[in-house]
Structures are given as structure tokens and as C-alpha cells.
Amino acid sequence: MKISVLGAGAWGTALAIQAARAGHAVHLWARDAAAAGLMQASRRNQAYLPDNPLPQALQIGADLGAAVAHAADGLTIIATPMSGLRGTLAALPVHQRVLWLCKGFEAGTGRLGHEIARELQPAMRVGVLSGPSFAQEVAAGRPTALVAASGDAALSQAAVDAFHGERLRVYTSADPVGVEVGGAVKNVMAIAVGVCDGLSGSAPDAPGLNARAALITRGLAEMLRLGLALGAKAETFMGLSGLGDLVLTATGDLSRNRRVGLLLAQGLALPQILAELGHVAEGVYSAPTVLARARAAGVEMPVTEAMVALLDGRVGAPQVVELLMGRQARPE
């Protein structure tokens with residue numbers, strides 16, 4: 001299969017490595033021509049995955065037209081941040097088969113990926129590839145499972161054909177809405193769990209493992225409520241893109257969103273935290289939009305609301321715990 005991966009960050013590079021290992025003809029597109037040239041020469045993505053050599057068969061370039069043409073009869077993977085999805089989709093021909101990796105709601109419009117695609121390219125065959133996955137582990141060949149979701153069953157199967165292998169399992173789903181809601185909300189919940197873990201042990205009554213379990217569970221409940229309100233299927237949230245991705249992102253040490261929460265608990269200012277990270281933590285940008293979509297749908301999301309207040313600087317990390325623990329008792 002001819003596959004083009006548009007975006008040479010960690011996740012795009014990792015999937016390009018996986019597809020090239022499987023014997024596909026893969027073209028990795030980088031926005032920066034100098035970065036593309038360096039990767040082509042060194043066979044490394046020094047900025048994102050310096051420890052993982054790039055297969056010799058993997059093509060790398062900065063010519064978007066060439067990358068698009070390469071996958072004209074194959075599969076195009078959009079590996080930009082959520083902020084780049086709209087522009088990239090708009091630049092693609094309608095006949096292209098497209099899956100995106102980005103997770104979150106679009107800032108400003110509040111749209112999910114499938115809603116952006118419906119607006120820009122209603123006739124295009126599209127879907128989302130998601131699930132509990134750190135790019136470093138995929139690039140290193142560690143066992144991982146993903147889900148390809150689309151209303152087009154043949155497109156989901158194409159993702160299986162492209163990426164399924166001995167170390168990467170790809171399941172299919174007909175619920176892109178649920179997969180996208182899970183991918184967006186789990187980043188916000190990971191910040192909350194990071195805050196909880198960062199506060200643990202600082203005082204006798206500080207949150208601990210019990211609080212972490214409660215946050216993950218209630219976070220899943222918020223994710224499910226919003227998903228159902230937006231038309232998702234309940235069972236999706238018990239799968240890889242719901243519970244699986246939530247647990248990984250909330251507890252894994254490689255999670256940037258969790259790291260944001262840990263540093264907020266230490267009292268660091270958000271601009272300083274983002275500068276130290278150097279990479280995008282989508283939960284920071286998604287949180288206000290998740291809350292806005294929830295309010296518009298009449299869905300209560302107290303953990304998300306507390307995270308927005310914290311990220312806005314209206315409350316401190318210790319006050320977040322008080323806000324959540326002080327809520328009125330109610331049936332689960």
C-alpha cells in the first residue's frame with residue numbers, strides 16, 4: 001500500500017516507521033524543509049524520536065503535493081495537532097482516503113474531527129485512528145493496540161491492512177464520534193489525575209491512590225455522558241479509545257497532559273510549564289472547549305469545570321480537590 005503521513009512529529013513518525021517496517025511504500029511529510037532534509041540524511045527524527053532509526057525505505061520530504069500524490073490510490077494519515085487538521089483537510093483532493101491521529105476539539109469552533117471533515121469535505125472517505133499509545137513505544141516496536149473508526153468499513157479495514165502487525169494490533173469501529181470524544185476528554189482528565197498525584201503526600205489529608213481511582217472513574221463517567229449527548233455509542237467508552245486511553249494518559253509517565261497536572265500541583269505557572277514541555281499538551285487547549293460543548297449539550301462535567309478554573313488561574317491546585325470533594329452527595 002502507498003501511505004503518506006502528513007506531519008513528522010512523534011506520533012506521525014512512529015506510525016510511518018511501523019508502516020515502513022510492514023513493507024508498505026511510506027512517504028513522511030514534514031512542514032519544515034530543513035528538518036526533512038536532516039531526517040533524510042541522518043535517518044533519525046532528532047527532535048521527537050532520537051533513539052529510533054528510520055527505515056531506509058521510508059521517504060521523507062517537505063513537498064506536500066508530492067506526499068499527496070504518493071497516496072492518491074492508498075492511504076493518507078494526518079498527524080498534525082488538532083489546530084492543523086482543518087487546513088490539512090482543506091488542502092487534500094476529495095478522492096483521498098484519510099485518517100487523522102489528532103485528538104481534541106477545535107479551538108474556536110468546538111468541532112471534533114469528523115465535524116470539521118463533514119463541513120469541509122463531505123464527500124471524502126474519512127476516519128480516525130486512536131487508542132492508548134505513546135509514540136516512543138510504537139516506534140520501538142513495543143506491543144500496542146489501536147482502533148480505526150469510520151462510517152466507511154472499507155476505510156477502517158485499510159487501516160488494519162496498513163498498520164496491523166506482530167507488535168501493533170488494530171481493531172475497527174463504526175463509532176468515530178465515540179472514539180473522538182474519548183480521545184479529547186481523556187487529555188483533560190489526565191491533567192486532573194496529574195494534579196491529584198502531584199498533591200499526594202504533601203499533607204496527612206492529601207489525596208492519594210483512592211482519590212486517583214475516584215478521578216479516573218468519574219472522568220470516565222463525564223466522558224460517557226458527553227459522548228452519548230453527541231451521538232456516540234456507550235460501549236465505545238469501555239474500549240481502547242475510552243477507558244484504555246484514559247488509563248494510559250492519566251497514569252503513564254510519558255503523558256504530557258499528566259505532566260502538566262503534576263507541575264501545576266507544584267505551583268508552577270502554566271506558561272512556564274508549557275515552555276518546559278516543548279511539545280503540545282492537547283488537554284490544556286481542549287479543556288475550555290470540552291466544557292463549552294458540555295454546557296451546550298446540557299451535560300454536567302464537574303472535573304472538567306474544575307480543570308478549566310485551574311488552567312485559567314481562578315483556583316489553585318489544592319482548591320480543586322476541595323471543589324470536587326465538597327459537591328453534594330448524589331446517586332452514582
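If you're wondering where the values come from, they're calculated on a predicted model, not measured in any experiment.

Trainee: What am I meant to see in the UniProt feature "active site" (unreviewed entry) in the protein chain here?
Mentor: Following the UniProt record, one finds the feature "active site" (unreviewed entry) at Lys186. Here Lys186 lies in helix H8 (residues 176-199). The exposure class assigned to Lys186 is buried, which follows from its relative accessible area of 6%. The residues touching Lys186, leaving out its near neighbours within four places in the chain, are Lys103, Met223, Asp245, Leu246 and Thr249.

Trainee: Got a minute to help me understand the nonpolar core in this structure?
Mentor: One recurring pattern in soluble globular proteins: nonpolar side chains tend to sit buried together. Judged by nonpolar contacts, the single largest core of 47 residues is most densely connected at Val181, Val185, Leu226, Val260, Leu264 and Met301. When contributions to this core are tallied by element, the ones reaching two or more residues are H8, helix H9 (209-229), helix H10 (240-251), helix H11 (256-265), helix H12 (270-277), helix H13 (282-296), helix H14 (302-311) and helix H15 (317-325). Sort the elements by how many residues they give to this core and H8 lands first, with 13 residues. With 38 residues, the next largest nonpolar core counts Val5, Trp11, Met39 and Leu155 among its residues.

Trainee: Looking at this model, I keep getting lost on the packing of H8 against H11. Mind explaining?
Mentor: Any two packed helices are characterised by the angle at which their axes cross and by the distance between the axes. Running from amino to carboxyl end, H8 crosses H11 at an angle of 40 degrees, the nearest separation of the two axes being 6 Å. Between H8 and H11, the angle is such that the two are oblique. Crossing of H8 against H11: the hand is right-handed. Every residue of H11 that contacts H8 at Asn187, Ala190, Ile191, Val193, Gly194, Val195, Asp197, Gly198 and Leu199 is listed here: Asn257, Arg258, Val260, Gly261, Leu262, Leu264 and Ala265. A class-by-class count of the residues in the contact of H8 with H11 yields nine nonpolar, five polar and two charged.

Trainee: Whenever I open this one, unusual backbone geometry confuses me. Can you help?
Mentor: For residues besides glycine, phi is generally negative; the peptide bonds are generally trans as well. Within the chain, Arg43 stands out as a residue other than glycine whose phi angle is a positive 60 degrees. Turning to its location among the elements, Arg43 is positioned in the loop between helix H2 (33-42) and strand E3 (59-61).

Trainee: Would you take a moment to explain the pattern of salt bridges for this structure?
Mentor: Summed over all chains, the structure comprises 11 salt bridges. Glu119 is paired through a salt bridge with Arg111; the nearest N and O atoms lie 3.6 Å apart. Judged by its relative accessible area of 31%, Arg111 is partly exposed. Across the pair Glu115 and Arg293 runs a salt bridge, and its minimum N-O distance is 3.0 Å. Residue Glu115 is located in helix H5 (residues 113-120), and its partner Arg293 is located in helix H13; the two are separated by 178 residues in the primary sequence. Across this residue pair, the class does not change: Glu115 and Arg293 are buried. Bridged by salt links that share partners, the residues Arg86, Glu106, Arg111 and Glu119 form one connected network.

Trainee: Got a minute to help me understand the side chain of His27 in this structure?
Mentor: Within the secondary structure layout, His27 lies in strand E2 (residues 25-29). A polar contact of 3.5 Å, which involves the side chain of His27, links it to the side chain of Gln59. Apart from residues lying up to four places away in sequence, His27 is in contact with Ile3, Ser4, Val5, Gln59, Gly61, Ala67 and His70.

Trainee: I tried to follow the environment of Asn45 on my own but got confused; where do I start?
Mentor: Within the secondary structure, Asn45 sits in the loop between H2 and E3. You can call Asn45 buried: its relative accessible area is 3%. A sequence separation of 10 residues divides Asn45 from Ala35, and the C-alpha atoms of the two residues are 8.4 Å apart. If we ignore the near neighbours within four places in the chain, the residues touching Asn45 are Ala8, Gly9, Thr13, Met39, Pro50 and Leu54. Engagement of the side chain of Asn45 in a polar contact is seen with the side chain of Thr13, the distance being 2.8 Å.

Rules used throughout
Residues numbered from 1 in each chain as written. Predicted model: local features only at pLDDT ≥ 70, side-chain atom pairs only at ≥ 80, totals over all residues. Heavy atoms only, no water. UniProt positions renumbered as here; feature names shortened; annotations may be inferred. Helix = DSSP H or I, 4+ residues; strand = E, 2+ residues; numbered from the N terminus. Buried < 20%, exposed > 50% of the residue type's maximum accessible area, 1.4 Å probe, protein only. Contact = heavy atoms within 4.5 Å. Core = buried A, V, L, I, M, F, W, Y, C linked by side-chain atoms within 4.5 Å. Axes fitted to C-alpha atoms, helices over the stretch in contact; angles between N-to-C directions. Parallel < 35°, antiparallel > 145°, perpendicular 65-115°, else oblique. Left-handed = near helix turned anticlockwise from the far one by under 90°. Nonpolar A, V, L, I, M, F, W, Y, C, P; charged D, E, K, R; others polar. Salt bridge = Lys/Arg side-chain N within 4 Å of Asp/Glu carboxyl O. Polar contact = N/O pair within 3.5 Å; in protein donor to acceptor, adjacent residues only side chain to side chain.

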